[in-house]
Amino acid sequence: MAKHNITMTINGQSVSAEVDSRLLLVHFIRENLDMTGTHIGCDTSNCGACTILLDGKSIKSCTYLAVRADGANITTIEGIAEDGTNHPLQQAFHDQHGLHCGFCTPGMIMRSIDLLKNNPDPTEEEIRWGISGNLCRCTGYNNIVKAVQQAAQEMKKEKETTV
Amino acid sequence: MFSCKTSPEVGGMGHSIKRKEDARFLHGKGNYVDDVKLPGMLHMVMVRSPYAYAKIKSINKDKALAIDGVLAVITGEDLAQYNLHWMPTLLSDSQMVLPTDTIMHQSQEVCAVIATDRYIAVDGAEAVEVEYEPMQAIVDPFKALDEDAPLLRPDKEGQENNHIYHWERGDKAKTEEAIAKADVVVKERIHLPRIHVASIETCGVVASYDKVTEKMLIYLTSQAPHAIRTIVALVAGHVGLSEEKIRIIAPDIGGGFGGKVPVYPGYVIAIAATFLIGKPVKWIEDRSENLVNGFARDYHMDCELAATKDGKIQAFKVSTLADHGYTDSSANPSKYPTGMFSICTGSYDYEHAFAELDAVYTNKAPGGVAYRCSFRVTEAVHAIERMVDKLAAEIGKDPAQLRLENFIKKEQFPYSSPLGWSYDSGDYHATLKKAMDMLGYDDYKKEQAEKRAQGKLMGIGISTFTEVVGAGPSKDFDILGIAMFDSAEIRVHPTGKALARFGTKSQGQGHETTYAQILAEELGIPYSDIEIEEGDTDTAPYGLGTYASRSTPTAGAAAAIAARKLVDKGKKIAAYLLEVSEEDIEWEVGKYSVKGAPEKSKTIQEVVFASYTNIPPGMEPGFEATHYYDPPNLTFPNGAYICVVEVDEETGAIDVKRFVAIDDCGNIINPMIVEGQVHGGLTQGIAPAMYEGIQYDDEGNVLNGTFMDYLVPTAVESPKWETGHTITPSPHHPLGAKGVAESPTVGAPPAIANAIIDALYPLGIKHLDIPITPSKVWDAIQEAKQKA
Ligand code: FES
Ligand code: FES
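Residues numbered from 1 in each chain as written. Chains lettered and ligands numbered in written order. Predicted model: local features only at pLDDT ≥ 70, side-chain atom pairs only at ≥ 80, totals over all residues. Heavy atoms only, no water.

Chain B appears in an unreviewed UniProt entry as Carbon-monoxide dehydrogenase large subunit from Robertkochia marina.

The name given to chain A in an unreviewed UniProt entry is (2Fe-2S)-binding protein, with Robertkochia marina as the source organism.

This is the structure in structure tokens:
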């Protein structure tokens, strides 16, 4: 198996490693870097449990080779808030009871960050379509939608106060 | 209505406390089985059969073992040396851990490859050469009973055909007589499809055996870690695994829904592998392995409902064929092979009922898990709720009215059902009326009449179900002989903070919050000062686990009673501290005071501190209590759900316009969590009603074994749920609570099916089996048009 040296930034830290050509990015993150907040829920790119941000865009890291991420800037659930604080989406999922077992939650949040970046004021319909690449078996989605709505409001306010 | 006894800061029952467990999940710090990494850990991957029914002619390990990093290939022959190649199921049937000669369903484990790395293990699995001799699989359960059907289980002594067991309840003769004499009889064969729980976390294990200490540590995706520990000790005792040396840790569980109750072959192989190799072994199922192994439902029910011509229900009969796959591994209490199916008489008051069931073997995966349902209640509720609607349609009566006229009345509780249950409480009329008001039922009826006049297809569907949960009284309910009680152990520390441990295991239900609230309610110690632990068999008290909506009915009750023991002990301490006799002490949550002199008082925290520092003479120090709760009866949550749909006649597309769910689960501990559980269950109810169903071809190949084609609803398919409550406390539960999480999964499918069929009724379509997909609707419409 061919080996490749790769370097990327993960949650602000630079990491370098020698990896097999076939190593999936999700395994690189989970196994090599021991960051287990990014989950695996399927083998067909349907569930979104593995969603991360790559150069600011949400991607399913189970369908992305680690070598392809060479040079990329990656954010995982572990990197969206300073220790002891919550990202507005984390706060909103908590406030709105947008999680039960928590297995889909990191992926949902990472996807929602991208969604709100591109559409800071989404309608309910847009949120539902926007997270339709992420499966949740527990919550029935009502409260996830509400959480994204709450975070959208919060993030708008934050933006207004920083401008 | 329920009113809170405690302040929001204390956070007892009735407060929507935000969940204590959320933080770790929100920050990616949950600890699921796949997150466990032990030094020197090996990885296991299965070789699985492409055939549904085949002889294994040979297994050649050589090429696999030649791969660098592949350490072992374990076959059934290898396990047979230790007599570990078969295991008992929870219903005392037998299941292969690994086969020695015959494959019984597609994707069955053939052998297991152990390697230093998951990728290498997959390479190894691909390199194993297996020679099969395929045979014609039995896929159709009705054909399994044909005279000339091959005998699928010749290994079972005395087994002469593919029939597993016959079960029946009720008075057959009287029921048949009532049906024969009735003015109106409606009949239907109803199939509840084979579905999968599809929790987003699949199943997995990390097993680690220490050859020196002889301790076996097992991290397991398990809803019932204690029961599994006992089973492992019983199954593997002969190789030297003794129960005190086995520690099972069910860490965070990514959704269970019943799918994480059974023991899967992969668990046993991993345990055997670490036992032999002496290094930790991890096995994590792929999604496509998960979906084709294990199942729920798969009941074919022939129903007959009899009534007078004005709609008074008189008798119900249901004869069921159950497809169990190649072994009966239903996760049911021992004495209840069909679970609580006899709840099928529903929420209605009538005299005669008879239910029977025949179970058969086929070449399909075993399972029969109680998928978010208290053992076959979903099947039962679907049968009666579809039939009641069919009766309403047949006699031209409004289905809500028909239900109101037949409901068991509030004053009839406790109500003895024709098949032997004692329903604890309910106010079915109030619950349905509340749902009708919330929806605006009469307005929708008018709208429907107008739409029908314009030739549009609109339907309104109702389901008014009664559940039976909380197993259970130990005289009736056991799993492999172990009585289905549950437990709580409370330790209050000197500073008044507490740790409580339970025999149950949350998989997302929010036990860390709910149980803390129960203790806050009873002790007056703020919920935020109470830590809750579950899932570690070395530390938690023995319990049967979480499924069948049993946590609140059993362990929740245990918590309340253990807390009450502490309150009693505290009273003695308070009397000592306040220098009065115990009879003069009054307890109001969180505080002991002297009767008639309320200024003389001690808080619970002061009393706790004294129990460690200033102990009354002769009293046992400390502030700890344990209780094992054996419920006197089951609880009977109920609800009224109404669904409004529109169907596009051109495409068959179904649009769920409204869905109103009123639940009555007795007293509510945390309204936010209860509502969340209902939302989730409703989406798991619409799933089999409209989308999910494991499909097989004639060869026994699974046609939709991945998330690409097994359609778990997304946020787009999932409607915006509207929920509400009526509250009829359970008279026998210490908190008046009943359990809720399964009601929506049980109640939603018939409401949706009834709505769609109601929409199609003007075309002459009188029944469709779920999942009712657009293509099924379209086909039915074309057929109806051809007939017309
Ligand atoms: S793991 Fe399911 S989409 Fe990546
Ligand atoms: S919270 Fe369990 S899968 Fe979403």
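This is not the end of the story, as more comes after the structure.
A. Main features of the interface of chain B and chain A. Between chain B and chain A, the residue contacts involve 54 residues of the former and 49 residues of the latter. In this assembly, chain B packs against chain A so that about 4400 Å² is buried in total across both faces, 54% of it on carbon and sulfur atoms. When the buried area of chain B at its contact with chain A is split by residue, L26, Y119 and I200 of chain B rank highest and sum to 18% of it. One can count seven salt bridges joining chain B with chain A. Note that K720 of chain B and E124 of chain A form a salt bridge whose closest N and O atoms lie 3.2 Å from each other. At the surface where chain B touches chain A, the tally comes to 32 residue pairs in polar contact (both at pLDDT 80 or more). Taken together, the elements giving at least two residues each to the side of chain B that touches chain A come down to α1 (22-26), α4 (118-127), α8 (287-291) and α16 (671-691) of chain B. Among the elements that line the side of chain B that touches chain A, the one with the most residues is α16 of chain B, at nine residues. Residues of the side of chain B that touches chain A, tallied by class, amount to 22 nonpolar, 18 polar and 14 charged. (Contact = heavy atoms within 4.5 Å. Buried area = accessible area lost by both parts, 1.4 Å probe. Salt bridge = Lys/Arg side-chain N within 4 Å of Asp/Glu carboxyl O. Polar contact = N/O pair within 3.5 Å; in protein donor to acceptor, adjacent residues only side chain to side chain. Helix = DSSP H or I, 4+ residues; strand = E, 2+ residues; numbered from the N terminus. Nonpolar A, V, L, I, M, F, W, Y, C, P; charged D, E, K, R; others polar.)

B. Main features of the UniProt feature "domain: Aldehyde oxidase/xanthine dehydrogenase a/b hammerhead" (unreviewed entry) in chain B. UniProt's entry tags residues 27-136 of chain B with the feature "domain: Aldehyde oxidase/xanthine dehydrogenase a/b hammerhead" (unreviewed entry), counted in the numbering of this structure. Here residues 27-136 of chain B is 17% helix and 37% strand, with 51 Å between the C-alpha atoms at its ends. (UniProt positions renumbered as here; feature names shortened; annotations may be inferred.)

C. Region of interest: the packing of aromatic side chains. All names here are of chain B. As enumerated under the stated definition, the model contains 23 aromatic pairs over all chains in all. Their ring planes at 90° and their centres at 5.5 Å tell us that F413 and Y428 sit as a pair that is edge-to-face. Highlighted residues: F413 in the loop between α10 (399-406) and β18 (415-416) and Y428 in helix α11 (residues 428-439), separated in sequence by 15 residues. Each member of the pair, F413 as well as Y428, carries the same accessibility label: buried. Here W587 and Y592 contribute two aromatic rings whose centre-to-centre distance is 4.6 Å and whose plane-to-plane angle is 45°, an arrangement assigned as tilted. The class of Y592 is buried, set by a relative accessible area of 0%. (Phe/Tyr/Trp six-rings, centres within 6.5 Å; stacked < 30°, edge-to-face > 60°. Buried < 20%, exposed > 50% of the residue type's maximum accessible area, 1.4 Å probe, protein only.)

D. Highlighting the domain arrangement of chain A. Residues and elements named next belong to chain A. Segmenting chain A into domains produces domain 1 (3-79) and domain 2 (88-157). Taking only C-alpha atoms into account, the centre of domain 1 sits 22 Å from that of domain 2. Each partner contributes residues to the interface: domain 1 has 18 residues there, and domain 2 has 14 residues. Between domain 1 and domain 2, roughly 1200 Å² of surface is buried when both sides are summed, and carbon and sulfur atoms account for 60% of that area. Linking domain 1 with domain 2 are eight residue pairs in polar contact (both at pLDDT 80 or more), by the criterion used here. Secondary-structure elements contributing two or more residues to the side of domain 1 that touches domain 2 are β3 (51-54) and β4 (57-60). A breakdown of the residues in the side of domain 1 that touches domain 2 according to their chemical character gives six nonpolar, ten polar and two charged. (Domains from an automatic or database assignment.)

E. View of the environment of A516 of chain B. Residue and element names in this part refer to chain B. Turning to its location among the elements, A516 is positioned in helix α13 (residues 511-523). For the pair A516 and I530, spaced 14 residues apart in sequence, the C-alpha separation works out to 5.7 Å. With residues near it in sequence (within four places) discarded, A516 still touches K20, H511, Y527, I530 and I532.

F. A look at the sheet that holds strand β8 (residues 129-134) of chain B. Residues and elements named next belong to chain B. The strand order across the open sheet formed by three strands is β6-β2-β8, and the pairing between neighbours is antiparallel. Because the sheet does not close on itself, it has two edges, and the strands there are β6 (102-103) and β8. Pairing analysis gives two bridges linking strand β2 (residues 54-60) to β6, with the strands arranged antiparallel. Bridging across to β6, A54 finds its partner in I103. (Pairing = 2+ DSSP bridges.)

G. Local environment of the packing of helix α9 (residues 377-395) of chain B against helix α17 (residues 743-760) of chain B. All names here are of chain B. It is the contact of α9 with α17, at a shortest axis distance of 9 Å, that shows an interaxial angle of 30°. Compared by their axis directions, α9 and α17 come out roughly parallel. Crossing of α9 over α17 shows right-handed handedness. The segment α9 lies against α17, with V377, T378, V381, H382, E385, R386 and D389 engaging T745, V746, P749, P750, A753, N754 and I757. Of the residues belonging to the contact of α9 with α17, the class tally is seven nonpolar, four polar and three charged. (Axes fitted to C-alpha atoms, helices over the stretch in contact; angles between N-to-C directions. Parallel < 35°, antiparallel > 145°, perpendicular 65-115°, else oblique. Left-handed = near helix turned anticlockwise from the far one by under 90°.)

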